[in-house]
Amino acid sequence: MKSVNKIILVGRLGAKPEARYTKQGLSTASFSLATNEVWSDADKQKHEHTEWHKVVVWGNLADCVSKYFDKGILVYVEGSIKSRSWKDKNGETRKVVEVFATHAVSLEKTNL
């Protein structure tokens, strides 16, 4: 059986996407996405947990996201999970886990 690396998220943007260009001229944008989980325990105490996801988009999708997405809007994101590591300026190994989105759609009215 083949493996599958697919993630679907619905959440709110933590900030306006940050747009950039690679040295080769390819547009990219990244943004933080908050997903919330609420539950009650056996004593009927309410609990809430917010998970933050780093989302990266490329090309035309990056152009659209950076132009039309803004802090707080509800979005649908579909893509895959990728991790990468590097050495920082102090020689420490850093690691990040990101969602590389192939689809990102606002679920709220935007300025389109």
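Before going into details, it helps to say that this report is about the structure given with it.

As for the pattern of salt bridges
Counting across every chain of the model gives four salt bridges. With its nearest N and O atoms 2.9 Å apart, the salt bridge here joins Glu 78 to Lys 6. One end of the pair, Glu 78, is in strand β5 (residues 74–87); the other, Lys 6, is in the segment before β1 (7–13), with 72 residues separating them in the sequence. Given a relative accessible area of 14%, Glu 78 falls into the buried group. Its relative accessible area of 53% is what places Lys 6 among the exposed residues.

Here's the deal with the pairing of strand β6 (residues 93–106)
In this structure, strand β4 (residues 46–58) lies alongside β6, joined through three bridges in parallel fashion. Considered in β6, the bridge of Lys 54 is made with Glu 98. Here β5 runs beside β6; their pairing, made up of 13 bridges, is antiparallel. Along β6, the bridge assignment pairs Lys 87 with Thr 93. In textbook terms, the turn of a hairpin is the stretch between consecutive antiparallel strands, and for β5 and β6 this stretch comprises five residues, one of which, Gly 91, has a positive phi near 85°.

Here's the deal with the packing of aromatic side chains
Within the structure shown, the criterion is met by two aromatic pairs. Ring geometry for Phe 31 against Phe 69: centres 6.1 Å apart, planes inclined by 70°, an arrangement best described as edge-to-face. Taken together, the residues span a long stretch of sequence, with Phe 31 in strand β3 (residues 27–40) and Phe 69 in the loop between α1 (59–68) and β5 at a distance of 38 residues. Given a relative accessible area of 4%, Phe 31 falls into the buried group. Over the aromatic face of Phe 100 sits the side chain of Lys 82, whose NZ or CZ is 4.9 Å from the ring centroid.

Quick look at the nonpolar core
Counting 17 residues, the largest nonpolar core has Phe 31, Leu 33 and Val 77 as the members making the most contacts within it. When residues of this core are traced back to their parent elements, those giving at least two are β1, β3, β4, α1, β5 and β6. If near-sequence neighbours (up to four positions away) are discounted, Val 77 is found in contact with Ile 7, Ile 8, Leu 9, Phe 31, Leu 33, Val 55, Val 99, Ala 101, His 103 and Ala 104.

Focus on unusual backbone geometry
Look at Lys 44: it is not a glycine, yet its phi comes out positive at around 65°. By the secondary structure assignment, Lys 44 is in the loop between β3 and β4.

Details of the environment of Gly 14
Locating Gly 14 in the fold gives a position in the loop between β1 and β2 (18–21). Using a relative accessible area of 22% as the deciding quantity, one classes Gly 14 as partly exposed. Along the sequence, Gly 14 and Trp 52 sit 38 residues apart, while their C-alpha atoms lie 8.5 Å from each other. Filtering out sequence-adjacent residues up to four positions away, Gly 14 remains in contact with Ser 32, Trp 52 and Lys 71.

Some remarks on α1
Among all positions in α1, only Gly 59, Ala 62 and Val 65 are buried. The buried residues of α1 occupy an angular sector of 100° when projected down its axis, which confines them to one face. Exposed side chains of α1 directed beyond 90 degrees from the buried face belong to Asn 60 and Lys 67.

Parameters at a glance
Residues numbered from 1 in each chain as written. Predicted model: local features only at pLDDT ≥ 70, side-chain atom pairs only at ≥ 80, totals over all residues. Heavy atoms only, no water. Salt bridge = Lys/Arg side-chain N within 4 Å of Asp/Glu carboxyl O. Helix = DSSP H or I, 4+ residues; strand = E, 2+ residues; numbered from the N terminus. Buried < 20%, exposed > 50% of the residue type's maximum accessible area, 1.4 Å probe, protein only. Pairing = 2+ DSSP bridges. Phe/Tyr/Trp six-rings, centres within 6.5 Å; stacked < 30°, edge-to-face > 60°. Lys NZ or Arg CZ within 6 Å of the ring centre and 35° of its normal. Core = buried A, V, L, I, M, F, W, Y, C linked by side-chain atoms within 4.5 Å. Contact = heavy atoms within 4.5 Å. Arc of directions from axis to C-beta.

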